Amino acid sequence: VLDRSARRCWVKGGPGASPVEVDLKPLSFELLSLLVERRGRAVALEALLFELWDAYYQVEVVKYHMSVLRRALRAAGVEPPITTVRRWGYRYDGE
């Protein structure tokens, strides 16, 4: 669950589990927000890059922040519902 106004995120580890708040860095929160908004659709690395940063960076910056986001979700006890779309970008497959 994302609360964009409070910039907070909660995940549920499994059936019957209570939601756990995930401590996300600002860019990780923005990255997750963009993917959730486009749920089920593949988002190109370049699209994420230009939406999150107004300047030109290498796509490795997006890949790095994706790894930070995935680590934070795993630390909260949930497998990230984010699929890598080979040679394209990422897709959020969660609820």
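Residues numbered from 1 in each chain as written. Predicted model: local features only at pLDDT ≥ 70, side-chain atom pairs only at ≥ 80, totals over all residues. Heavy atoms only, no water.

J.: How should I be thinking about the pattern of salt bridges in this particular structure?
T.: Where charged atoms from two side chains of opposite charge come close, those side chains can pair. All chains considered together, the criterion is met by 7 salt bridges. The partner of R8 in a salt bridge is E21, and the shortest N-O contact between them spans 2.8 Å. Of this pair, R8 sits in strand β2 (residues 8-12) while E21 is found in strand β3 (residues 19-22), placing the two residues 13 residues apart along the sequence. Taking the relative accessible area as the measure of exposure, R8 reaches 36% and is therefore partly exposed. Connected through salt bridges with shared partners, the residues R4, E37, R38 and E51 form a single ionic network. (Salt bridge = Lys/Arg side-chain N within 4 Å of Asp/Glu carboxyl O. Helix = DSSP H or I, 4+ residues; strand = E, 2+ residues; numbered from the N terminus. Buried < 20%, exposed > 50% of the residue type's maximum accessible area, 1.4 Å probe, protein only.)

J.: Looking at this structure, how should I read the environment of R41?
T.: Within the fold, R41 resides in the loop between α1 (26-37) and β4 (43-44). Distance in space between the C-alpha atoms of R41 and Y90 is 8.4 Å, their sequence separation being 49 residues.

J.: What am I meant to see in the nonpolar core here?
T.: It is characteristic of soluble globular proteins that their nonpolar side chains tend to be buried jointly. Core analysis: the largest hydrophobic core is formed by 26 residues, its most contacted members being L35 and I82. Only β2, α1, α2 (45-52), α3 (59-75) and β6 (89-92) provide two or more residues apiece to this core. Broken down by element, this core gets its largest block of residues, 6 residues, from α1. Leave out the neighbours within four places in its chain, and L35 touches V43, L48, M66, I82, Y90 and Y92. (Core = buried A, V, L, I, M, F, W, Y, C linked by side-chain atoms within 4.5 Å. Contact = heavy atoms within 4.5 Å.)

J.: Explain the pairing of β2 here, please?
T.: Consecutive side chains of a regular strand alternate in pointing toward one face of the sheet and then the other. Of the two faces of β2, only one is covered, namely that formed by C9 and V11; the face formed by R8, W10 and K12 stays uncovered. Alignment of strand β1 (residues 2-3) against β2, held across 2 bridges, turns out to be antiparallel. Looking at β2, one finds that D3 is bridged to R8. Hairpin connection of β1 to β2: 4 residues between the antiparallel strands, including R7 at a positive phi of 55 degrees. Relative to β3, β2 runs antiparallel, the two being bridged by 4 bridges. Looking at β3, one finds that C9 is bridged to V22. (Pairing = 2+ DSSP bridges.)

J.: Help me understand the sheet that holds β4 in this model?
T.: Strand pairing within a sheet occurs via backbone hydrogen bonds; the two strands may be parallel or antiparallel. On the basis of which strands lie adjacent, the open sheet formed by 3 strands has the order β4-β6-β5 and antiparallel pairing. Looking along the sheet, the strands with just one partner apiece sit at the ends: β4 and β5 (82-85). Pairing of β5 with β6 involves 4 bridges; the strand directions are antiparallel. Residue pairing across strands places I82 opposite Y92, the latter belonging to β6. The sheet contacts of α1 involve β4, β5 and β6, and relative to β6 the element is tilted by about 70 degrees. (Axes fitted to C-alpha atoms, helices over the stretch in contact; angles between N-to-C directions.)

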